Amino acid sequence: FAMVGNRVDKTMRKAKLKSYIGEKWFFPTVNEAVQFCLRHQHAKRKCLEAEANLASGVSGIDMTMINVGFSNEIGFSNDMHSEDTMVFITLSQDVPMIMSEITAIFKKAQLTIIRAQIEPLAGD
């Protein structure tokens, strides 16, 4: 689960969902959730490979050692408000002055930006 709002979080706590599912499956951002899921999927695959080959000697997998690459992506959502659209842009590399360029594109299309936010990726 990523970016769970206050009302949803309250309902989940009331239902004790976090304790049932596990705290490790709740993330503040979609990016962190995707990164964890990709690492988890890779680790699970490696464990299955190790079980198939008992002679491999692999005792455990450190999920933080699994490298997951970033790529450019863009997403849209109306989850926060039905009349507003959020745009999420993930860039694999820093682009100087990108916010100015994006703002100019929105302004040219006569779209209003209510809030713009930059969040550095882990390790930046």
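Above this text you will find the structure in question.
Computed from a prediction, not measured in an experiment: that's the story for all the values here.

Cut-offs used in this document
- Residues numbered from 1 in each chain as written.
- Predicted model: local features only at pLDDT ≥ 70, side-chain atom pairs only at ≥ 80, totals over all residues.
- Heavy atoms only, no water.
- Phe/Tyr/Trp six-rings, centres within 6.5 Å; stacked < 30°, edge-to-face > 60°.
- Helix = DSSP H or I, 4+ residues; strand = E, 2+ residues; numbered from the N terminus.
- Buried < 20%, exposed > 50% of the residue type's maximum accessible area, 1.4 Å probe, protein only.
- Patch = residues over 30% accessible without salt bridge, like charges linked within 9 Å, V, L, I, M, F, W, Y side chains within 5 Å.
- Areas by Shrake-Rupley, 256 points an atom, 1.4 Å probe, with all protein chains shown as cover.
- Salt bridge = Lys/Arg side-chain N within 4 Å of Asp/Glu carboxyl O.

## Digging into the packing of aromatic side chains
For step 1, the next point in the chain: Inspection of every chain in the model, using the stated rule, returns 3 aromatic pairs.
For step 2, the next point in the chain: Between the aromatic rings of Trp25 and Phe36, the centroid separation amounts to 5.1 Å while the plane-to-plane angle is 90°, which identifies the pairing as edge-to-face. Here Phe36 lies in helix α3 (residues 30-52) and Trp25 lies in the loop between α2 (17-21) and α3, a separation of 11 residues in the sequence.
For step 3, the next point in the chain: Take Phe36: its relative accessible area is 17%, and that puts it in the buried class.
For step 4, the next point in the chain: Their ring planes at 40° and their centres at 5.3 Å tell us that Phe27 and Phe36 sit as a pair that is tilted.
For step 5, the next point in the chain: Since its relative accessible area comes to 14%, Phe27 is described here as buried.

## A word on a nonpolar patch on the surface
For step 1, the next point in the chain: A contiguous nonpolar surface patch, about 400 Å² in accessible area, is contributed by Met3, Val30, Val34, Leu38 and Phe88.
For step 2, the next point in the chain: Residue contributions to the nonpolar patch peak at 3 residues, all from α3.
For step 3, the next point in the chain: Following the sequence through the fold, Val30 ends up in helix α3.

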